[in-house]
Amino acid sequence: MIAKQTGLTLIELMIAIVILAIVMAIAAPSMLEFRERKQLRGAAEALYSNLYYARSEALKKNSNIFVNFSAGNDGAWCVGLDDTAACNCNTANDCQIDAADKVVDGADYPAVDMTHDFTGNGTRFESRRGAANVTGTATFTIGSGDQRQVLVSVIGRVRYLD
């Protein structure tokens, strides 16, 4: 009796590898776009939550909270919060609230560019009513042109626009 052989021939294996390569070539660009969109959303949500936190801390501590922006491209931007004075988010340990670093660092979102229209590169949430002394919009953009915006109104309301 002849033993039955099982397995793949070399031709079958090569065909499977070619099919896999074609599928990966089709999927790779969409995965890259997906990753960039996730970074875009993450950057905008991180800023939104930090601004909301800054306003709530101003009300809770009954003291001003300063927010400073440093715009840039390809992750070379940052936003820092401080409870004593304006800070430089590019300097280590300069932006802190209650001795804890509070910085949204663009290096965590390398595909994202940020611009803003805050006069004087920042705003301050006032201790009374949490109002902002400077209103503005931070705009996050990726290469495909997708954008997300975070707005601060004069009454201190922080909004996230998808």
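Since the model is a prediction, treat every value here as computed from it, not as a measurement. (Residues numbered from 1 in each chain as written. Predicted model: local features only at pLDDT ≥ 70, side-chain atom pairs only at ≥ 80, totals over all residues. Heavy atoms only, no water.)

> Could you clarify how one ought to interpret the state of the cysteines in this entry?
Note: disulfide means a covalent bond formed between the sulfur atoms of two cysteine side chains. This structure, assessed with the given rule, holds 2 disulfides. With its sulfur 2.0 Å from that of its partner, Cys78 forms a disulfide with Cys89. When the S-S torsion is 70 degrees, as for the bridge of Cys78 with Cys89, the disulfide is right-handed. Residue Cys78 is located in strand S2 (residues 78-82), and its partner Cys89 is located in the loop between S2 and strand S3 (96-97); the two are separated by 11 residues in the primary sequence. (Disulfide = S-S within 2.5 Å. Helix = DSSP H or I, 4+ residues; strand = E, 2+ residues; numbered from the N terminus.)

> Would you explain the pairing of strand S6 (residues 113-116) in this entry?
On any regular strand, side chains alternate: one points to one face of the sheet, the next to the other face. Residue alternation in S6 divides its side chains into a buried set, Met114 and His116, and an unburied set, Asp113 and Thr115. With 4 bridges joining them, S6 and strand S8 (residues 136-141) adopt antiparallel strand pairing. Directly across from Thr115, in S8, lies its bridge partner Thr139. (Buried < 20%, exposed > 50% of the residue type's maximum accessible area, 1.4 Å probe, protein only. Pairing = 2+ DSSP bridges.)

> I would appreciate a short explanation of the sheet that holds strand S10 (residues 158-161) in the present structure.
Whenever strands of a sheet pair, they do so through backbone hydrogen bonds, lying parallel or antiparallel. Across the sheet, which stays open at both edges, the 4 strands sit in the order S6-S8-S9-S10 with antiparallel pairing between neighbours. Every interior strand has two partners, whereas the edge strands, S6 and S10, have only one. Each neighbouring strand pair of the sheet contributes to a mean axis angle of 15 degrees, computed without reference to strand direction. Judged from the 4 bridges that link them, strand S9 (residues 147-152) and S10 form a sheet pairing that is antiparallel. Directly across from Gln149, in S10, lies its bridge partner Leu161. The sheet strands contacting helix H1 (residues 10-61) are S8, S9 and S10, and the helix crosses S9 at an angle near 10 degrees. (Axes fitted to C-alpha atoms, helices over the stretch in contact; angles between N-to-C directions. Contact = heavy atoms within 4.5 Å.)

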